[in-house]
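Remarks on the overall topology
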Amino acid sequence: VILDGSASMLAGDGVGGESRFEQARTAALDLVADLPGNARMSLVLAGDPPQIVAAAEADPERLRTALESAKAAPVEADWQATLALSSGAASAPGLPSEGAEFILISDGGLTLETADRSGGTGALSDGLRLPGRLRYLPTGGQTGATQAAGTPNLAVSALALRPAEPGVQLFAQV
């Protein structure tokens, strides 16, 4: 499971002001609850830098604890490094060499090449690939009421002030 931990995931546009990251964490917890008894799950937090928060773990309690410890940060996700880390985690010794499934939980930033969001070939529109099946679970601005209302996936990624006449100038990068 690849959990987007980038700045846009801090947006509180969910029910009751819940952040997109909290919505994604809930989706990941649902995946843990549905994990078959013989399966293993790795959790990768997409950020800068990305982090493995759980590696090939079969214990649901440890997976839940790892998810609770994961935090989004006001950074842009390094998707290339995240996908490389995820690919490496899936090919660790002792894991099956085929049949890996990657589940990306995000509010956007990367999109599947195919229109089928329930499963693809592992290819992303940015030219990046994963060695297995890819499933995309959209959250936040890409789903539900926020999508219907047209809420885009935006984040303030830089903010600066400088002296000017009269007062100050504010520069914002969105």
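**Section: the overall build of the protein**
Along its length, the protein carries four helices and seven strands. Counted from the first residue to the last, the protein has its helices and strands arranged as β-α-β-β-α-α-β-β-α-β-β. Taking all 174 residues of the protein together, 38% fall into the buried category. Counted over contacts in the protein with a minimum sequence separation of 6, partners at least 24 positions apart contribute 59%.

**Things to note about a nonpolar patch on the surface**
A cluster of nonpolar side chains, namely Leu159, Leu161, Val168 and Leu170, defines an oily patch on the protein surface of about 460 Å² accessible area. Secondary structure elements with two or more residues in the nonpolar patch: strand 6 (158-163) and strand 7 (168-173). Position of leucine 161 relative to the elements: it lies in strand 6. For leucine 161, a relative accessible area of 61% corresponds to the exposed category.

**Observations regarding helix 2 (residues 60-69)**
The set of residues buried in helix 2 consists of Leu63, Ala66 and Leu67. Buried residues of helix 2 fall within an arc of 100° about the axis and therefore sit on the same side. Buried residues along helix 2 sit in contact with strand 1 (2-4), helix 1 (20-33), strand 2 (41-46) and strand 3 (51-57). Where helix 2 starts, the residue carrying a side-chain oxygen 2.9 Å from the main-chain nitrogen of glutamate 61 turns out to be aspartate 59.

**Re unusual backbone geometry**
Generally, phi is negative for residues other than glycine and the peptide bonds are trans, each holding for most cases. Cis geometry marks the peptide bond from aspartate 48 to proline 49, where omega comes out at 10°. Relative to the helices and strands, proline 49 is located in the loop between strand 2 and strand 3. With an omega of -20°, the peptide bond between glutamate 165 and proline 166 qualifies as cis. Within the secondary structure, proline 166 sits in the loop between strand 6 and strand 7. The residue alanine 56 is not glycine, and still its phi comes out positive at about 45°.

**Observations concerning the pairing of strand 2**
Among the six residues that make up strand 2, six are buried, leaving the element largely enclosed by the rest of the structure. Taking every second residue as pointing to the same face, both faces of strand 2 are buried, with Met41, Leu43 and Leu45 on one and Ser42, Val44 and Ala46 on the other. Where strand 1 lies against strand 2, three bridges are found, and the strand directions are parallel. Bridge pairing links leucine 3 to leucine 45 in strand 2. Crossover connection from strand 1 via helix 1 to parallel strand 2: handedness right-handed.

**Quick look at the layout of surface pockets**
Over the atoms, a rolling probe the size of a water molecule traces out where space has been left empty. In this structure, the largest pocket encloses a volume near 640 Å³. If you trace the largest pocket, you find 26 residues lining it, with Arg40, Met41, Ser42, Ala100 and Glu101 closest to the centre. If you list the elements that add at least two residues to the lining of the largest pocket, you get strand 2, helix 3 (79-90) and strand 4 (101-106). Its residues assigned to classes, the lining of the largest pocket comprises 16 nonpolar, five polar and five charged.

**Topic: the pattern of salt bridges**
Counted under the stated rule, the structure contains eight salt bridges. With a closest N to O distance of 2.9 Å, glutamate 22 and arginine 25 form a salt bridge. Of this pair, glutamate 22 and arginine 25 both sit in helix 1, separated by three residues, roughly a single helical turn. On the basis of relative accessible area, glutamate 22 is assigned to the partly exposed category, the value being 31%. Glutamate 101 is paired through a salt bridge with arginine 135; the nearest N and O atoms lie 3.1 Å apart. Residue glutamate 101 is found in strand 4, and its partner arginine 135 is found in strand 5 (residues 133-138); the two are separated by 34 residues along the sequence.

Thresholds applied
- Residues numbered from 1 in each chain as written.
- Predicted model: local features only at pLDDT ≥ 70, side-chain atom pairs only at ≥ 80, totals over all residues.
- Heavy atoms only, no water.
- Helix = DSSP H or I, 4+ residues; strand = E, 2+ residues; numbered from the N terminus.
- Buried < 20%, exposed > 50% of the residue type's maximum accessible area, 1.4 Å probe, protein only.
- Contact = heavy atoms within 4.5 Å.
- Patch = residues over 30% accessible without salt bridge, like charges linked within 9 Å, V, L, I, M, F, W, Y side chains within 5 Å.
- Areas by Shrake-Rupley, 256 points an atom, 1.4 Å probe, with all protein chains shown as cover.
- Salt bridge = Lys/Arg side-chain N within 4 Å of Asp/Glu carboxyl O.
- Arc of directions from axis to C-beta.
- Polar contact = N/O pair within 3.5 Å; in protein donor to acceptor, adjacent residues only side chain to side chain.
- Pairing = 2+ DSSP bridges.
- Right-handed = clockwise from strand over helix to strand, strands pointing away.
- 1 Å grid on protein atoms, 1.4 Å probe; cavity = no way out; pocket = protein on both sides within 12 Å on 5 of 7 lines; lining within 4 Å.
- Points joined across faces, edges and corners; volume = space filled by probe spheres on them.
- Nonpolar A, V, L, I, M, F, W, Y, C, P; charged D, E, K, R; others polar.

Just distances and angles here, no functional claims.
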